[in-house]
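# Working through the structure, step by step
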Amino acid sequence: MTNESLFSFVIFNKEIPYDEKITLRPVTMKDILSFQFLSQSLTVRKNSIFHEKEIIKMTYLEFLLYSLGNKELENRYQIPGLSQYFLYAAQLLQLCCRDADIQLDQSTGKVYLCEERLTSKMFDDLRRIIIAQNDIDFDMDEFLHYDTEQRLMKAKNDLNKDKSRANIEDYIDSLVIAMNTTEERIMNMTIRKFWRYIRRFQLKESYTIAKTGECSGMVTFKEPLKHWMTSFEDLEEDKYKELKTDETSLRRKL
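What this report covers is the structure whose coordinates are included nearby.

### Here's the deal with a nonpolar patch on the surface
Judged by side-chain polarity, Met 218, Val 219 and Phe 221 come together as a nonpolar surface patch covering roughly 300 Å² of accessible area. For Phe 221, the location among the structural elements is in the loop between helix H12 (191-216) and helix H13 (232-235). Owing to a relative accessible area of 35%, Phe 221 belongs among the partly exposed residues under this scheme.

Right, dumping it as structure tokens:
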């Protein structure tokens with residue numbers, strides 16, 4: 001189960017069959033707020049945040065079950081809602097699996113999805129599919145030390161603090177105007193495609209302005225302009241690239 005093997009499904013918003021009983025569908029914009037809230041349960045950097053070897057050795061599903069109702073752990077690591085993350089993940093699976101039935105046998109700790117025993121391997125597969133299918137900005141295979149990530153995020157926020165802030169309604173309004181479409185069409189658009197359209201439109205606008213300036217002879221660039229249809233991966237090789245400097249320079253920024 002890799003991003004490459006899922007690519008043929010996600011490019012055209014196809015449902016992804018996992019087995020005979022479980023099929024995952026991409027979430028649409030009408031559920032964007034619920035999705036954003038629930039998806040935090042899939043993006044905990046377990047192995048870098050928690051210090052206990054017991055937790056590090058757990059699978060992600062075991063970690064969610066261990067955290068269920070564990071307010072002491074939630075308070076100790078200051079992760080609001082952590083004690084409910086298993087329930088969030090269950091609701092997210094129901095959102096992605098067409099109201100699938102999920103049961104937890106509290107006496108045994110076993111979880112059942114569509115009457116199948118949900119193993120740690122199955123959960124990891126489904127988690128990977130949901131992340132890829134809905135373009136969640138999170139790499140399950142990436143290890144980034146928590147303190148390092150927090151410093152980088154703070155530096156990035158400091159760099160962007162003067163930029164105008166837009167909420168989800170602002171983005172929806174903008175795409176309606178940019179695509180000359182309707183709110184109803186946006187509502188039925190998948191979350192993944194919505195954000196790709198937003199980013200692509202931003203690239204097109206930036207490229208057009210930069211290219212116009214270059215062609216006028218009034219502006220020159222050190223590097224050739226990358227076309228607005230260039231792959232996002234080529235344009236964003238490393239989301240922290242501009243922030244990853246030596247420790248001394250980073251401390252000055254912070």
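### Let's talk about empty space enclosed by the protein
Inspection of every chain in the model, using the stated rule, returns two cavities of 30 Å³ or more. The computed volume of the largest cavity comes to approximately 40 Å³. Lining of the largest cavity is provided by Phe 86, Ala 89, Ala 90, Leu 93, Ile 102, Val 111, Leu 118 and Phe 123. The element contributing the most residues to the lining of the largest cavity is helix H7 (residues 85-96), with four residues. Each residue belonging to the lining of the largest cavity can be placed in one class, and the counts come to eight nonpolar, no polar and no charged. Reported here for the second largest cavity is a volume of approximately 30 Å³. Lining the second largest cavity are Leu 42, Ala 89, Leu 92, Leu 93, Phe 123, Leu 126, Arg 127 and Ile 130. Of all the secondary-structure elements, those providing two or more residues to the lining of the second largest cavity are H7 and helix H8 (120-133). At four residues, H8 tops the list of elements feeding residues into the lining of the second largest cavity. Its residues assigned to classes, the lining of the second largest cavity comprises seven nonpolar, no polar and one charged.

### Concerning a negative patch on the surface
On the surface, Glu 169, Asp 170, Asp 173 and Glu 183 cluster together to form a negatively charged patch. Broken down by element, the negative patch gets its largest block of residues, three residues, from helix H10 (residues 168-179). Here Asp 170 shows up in helix H10.

### Observations regarding H7
Its 12 residues give H7 an end-to-end C-alpha distance of 16 Å, which sits within 8% of 16 Å, the value for a rise of 1.5 Å per residue. Of all 12 residues that make up H7, nine are buried, and the element is covered over most of its length. Listed as buried for H7 are Tyr 85, Phe 86, Tyr 88, Ala 89, Ala 90, Leu 92, Leu 93, Leu 95 and Cys 96. For H7, the secondary structure elements touched by its buried residues are strand E2 (23-24), helix H2 (32-38), helix H5 (60-67), strand E3 (102-105), strand E4 (110-113) and H8. Arg 98 sits one or two positions beyond H7 and adopts a positive phi of about 55 degrees.

### Notes on the packing of aromatic side chains
As enumerated under the stated definition, the model contains eight aromatic pairs in all. Ring geometry for Phe 37 versus Tyr 88: centroids 4.8 Å apart, planes at 55 degrees, classification tilted. You can see Phe 37 sitting in helix H2 and its partner Tyr 88 sitting in helix H7, a full 51 residues away along the chain. Residue Phe 37 is classed as partly exposed on the basis of its relative accessible area of 43%. Of the aromatic side chains, those joined through ring pairs into one cluster are Phe 50, Tyr 60, Phe 63, Tyr 77 and Phe 123. A cation sits over an aromatic face here: Arg 127 above Tyr 60, 3.6 Å from the ring centre.

Parameters at a glance
Residues numbered from 1 in each chain as written. Predicted model: local features only at pLDDT ≥ 70, side-chain atom pairs only at ≥ 80, totals over all residues. Heavy atoms only, no water. Patch = residues over 30% accessible without salt bridge, like charges linked within 9 Å, V, L, I, M, F, W, Y side chains within 5 Å. Areas by Shrake-Rupley, 256 points an atom, 1.4 Å probe, with all protein chains shown as cover. Salt bridge = Lys/Arg side-chain N within 4 Å of Asp/Glu carboxyl O. Helix = DSSP H or I, 4+ residues; strand = E, 2+ residues; numbered from the N terminus. Buried < 20%, exposed > 50% of the residue type's maximum accessible area, 1.4 Å probe, protein only. 1 Å grid on protein atoms, 1.4 Å probe; cavity = no way out; pocket = protein on both sides within 12 Å on 5 of 7 lines; lining within 4 Å. Points joined across faces, edges and corners; volume = space filled by probe spheres on them. Nonpolar A, V, L, I, M, F, W, Y, C, P; charged D, E, K, R; others polar. Lys, Arg positive; Asp, Glu negative; His and termini not counted. Charge placed at Lys NZ, Arg CZ, Asp CG, Glu CD. Expected span 1.5 Å × (residues − 1). Contact = heavy atoms within 4.5 Å. Phe/Tyr/Trp six-rings, centres within 6.5 Å; stacked < 30°, edge-to-face > 60°. Lys NZ or Arg CZ within 6 Å of the ring centre and 35° of its normal.

Functional significance is not addressed by these values, which are geometric in nature.
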